[in-house]
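Given next are the chains, with one letter for each unit.
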Amino acid sequence: MNAYNIPDNAIITVAGTVGVGKSTLTAALAEQLNFQTSLEQVDHNPYLEKFYHDFERWSFHLQIYFLAERFKEQKKMFELGGGFVQDRSIYEDTGIFAKMHADQGTMSKTDYDTYTSLYEAMVMTPYFPHPDVLIYIEGSLPSILTRINERGREMEIQTDVSYWEHMHGRYSQWISEFNACPVLRLNIDDYDVNDPASMSEILKQVGAAIGRATVGTQGKL
Ligand SMILES: Nc1ncnc2c1ncn2[C@@H]1O[C@H](COP(=O)(O)OP(=O)(O)O)[C@@H](O)[C@H]1O
Ligand SMILES: Nc1ncnc2c1ncn2[C@H]1C[C@H](O)[C@@H](COP(=O)(O)O)O1
């Protein structure tokens, strides 16, 4: 346990739409807590660029790839006994991305059903404890689009703004219904990863959210 009452074996997951600042906050939190990071690899993903050029052709391949990667990360965190900050949750793969492409017709119903049954089989293994807290980063669409552009991944910049707008809307709906673990909502205008006082405030809130959840489950079978 540290000064913020965050257990040494905690798993903190950072969620939010593309470009909102998950990787940046993940690295900053892990450094403060002396935790390990579980990162989403973009550079070595063999499908991502192809997917942005042709959603219909590659969405199933990409979802299976992400699922396999997240399962390996999940297994690693489980075997090492926690103490991780994770960049993006598996809940977003299924609840945002796969569902969005299925609903829009860029993933077939058969492929979506196959993906979902594989996902469900995976989460029923011991490797999938819920995170201790999910930090949800949110912000206005214009601010997020600015960040996507400034980060400079050409495949994302070339993607129609309507894709990001639609995803932004889905995220708002998704988080309002999410209840798999405690949630801490952070607005991008309300923190600065380079300001120690701001980071300390986030860590206090993380500790409090985990503490409330622990009290809430005491005495329950
Ligand atoms: N708190 C912040 N203030 C200003 N810029 C930020 C902040 N967090 C992230 N960024 C910038 O926004 C872009 C996207 O951030 P990133 O962490 O890669 O987002 P994500 O992992 O959610 O896609 C990057 O260029 C990053 O430097
Ligand atoms: N499950 C996913 N399906 C489609 N695309 C995905 C999925 N998970 C991540 N992505 C994409 C979105 C971005 O282009 C990169 C990395 O995401 P980021 O939010 O920047 O960490 O991968």
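Residues numbered from 1 in each chain as written. Chains lettered and ligands numbered in written order. Predicted model: local features only at pLDDT ≥ 70, side-chain atom pairs only at ≥ 80, totals over all residues. Heavy atoms only, no water.

Trainee: Can you explain the site of ligand 1? Please cite residues and give values.
Mentor: Taken together, Thr 17, Val 18, Gly 19, Val 20, Gly 21, Lys 22, Ser 23, Thr 24, Arg 147, Arg 151 and Tyr 191 form the complete shell of residues around ligand 1. Arg 151 places a side-chain nitrogen or oxygen 2.7 Å from an oxygen atom of ligand 1. Protein contact buries 72% of the 560 Å² of open area that ligand 1 shows by itself. Contributions of two or more residues to the shell around ligand 1 are made by α1 (22-33) and α6 (141-151). For the shell around ligand 1, the leading source of residues is α1, giving three residues. Along the lines of polarity and charge, the residues of the shell around ligand 1 split into three nonpolar, five polar and three charged. (Near = heavy atom within 4 Å. Polar contact = N/O pair within 3.5 Å; in protein donor to acceptor, adjacent residues only side chain to side chain. Areas by Shrake-Rupley, 256 points an atom, 1.4 Å probe, with all protein chains shown as cover. Helix = DSSP H or I, 4+ residues; strand = E, 2+ residues; numbered from the N terminus. Nonpolar A, V, L, I, M, F, W, Y, C, P; charged D, E, K, R; others polar.)

Trainee: Which residues make up the UniProt feature "binding site: substrate" (unreviewed entry) in the chain, and what are the values?
Mentor: What UniProt calls "binding site: substrate" (unreviewed entry) maps, in this numbering, to Glu 40, Tyr 52, Gln 63, Arg 88, Asp 93 and Glu 156. If you take the residues mentioned a moment ago, the ones lining the largest pocket come down to Glu 40, Tyr 52, Gln 63, Arg 88, Asp 93 and Glu 156. With respect to the element layout, Tyr 52 can be found in helix α2 (residues 48-53). Here Asp 93 lies in helix α4 (residues 90-104). Of the polar contacts made by the side chain of Asp 93, one reaches the side chain of Arg 70; its length is 2.2 Å. (UniProt positions renumbered as here; feature names shortened; annotations may be inferred. 1 Å grid on protein atoms, 1.4 Å probe; cavity = no way out; pocket = protein on both sides within 12 Å on 5 of 7 lines; lining within 4 Å.)

Trainee: Could you give an account of the packing of aromatic side chains, with specific residues and numbers?
Mentor: Here a ring pair, both rings aromatic, is described through the centre-centre distance and the interplanar angle of the planes. Summed over all chains, the structure comprises 18 aromatic pairs. One aromatic cluster is present, formed by Phe 51, Tyr 52, Phe 55, Tyr 163 and Trp 164 through successive ring pairs. Note that Lys 50 overlies the ring of Trp 58, its terminal NZ or CZ placed 4.8 Å from the centroid. Just above the ring of Trp 58 sits the side chain of Arg 57; from NZ or CZ to the centre is 4.2 Å. (Phe/Tyr/Trp six-rings, centres within 6.5 Å; stacked < 30°, edge-to-face > 60°. Lys NZ or Arg CZ within 6 Å of the ring centre and 35° of its normal.)

Trainee: An account of the nonpolar core is requested, with residue identities and associated values reported.
Mentor: If you look at the biggest cluster of nonpolar residues, it comprises 65 residues, and the most contacted ones within it are Leu 25 and Trp 174. With seven residues, α4 is the largest single contributor of residues to this core. (Core = buried A, V, L, I, M, F, W, Y, C linked by side-chain atoms within 4.5 Å. Buried < 20%, exposed > 50% of the residue type's maximum accessible area, 1.4 Å probe, protein only.)

Trainee: How would you sum up the sheet that holds strand β4 (residues 133-138)? Please name residues and give values.
Mentor: With respect to topology, five strands assemble into an open sheet ordered β2-β3-β1-β4-β5, the strand pairing being parallel. Here the strands that pair on one side only, and so sit at the sheet edges, are β2 (36-38) and β5 (183-187). On average, adjacent strands in this sheet sit at an angle of 20° to one another, irrespective of strand direction. Where strand β1 (residues 11-15) lies against β4, four bridges are found, and the strand directions are parallel. Directly across from Ala 15, in β4, lies its bridge partner Tyr 136. (Pairing = 2+ DSSP bridges. Axes fitted to C-alpha atoms, helices over the stretch in contact; angles between N-to-C directions.)

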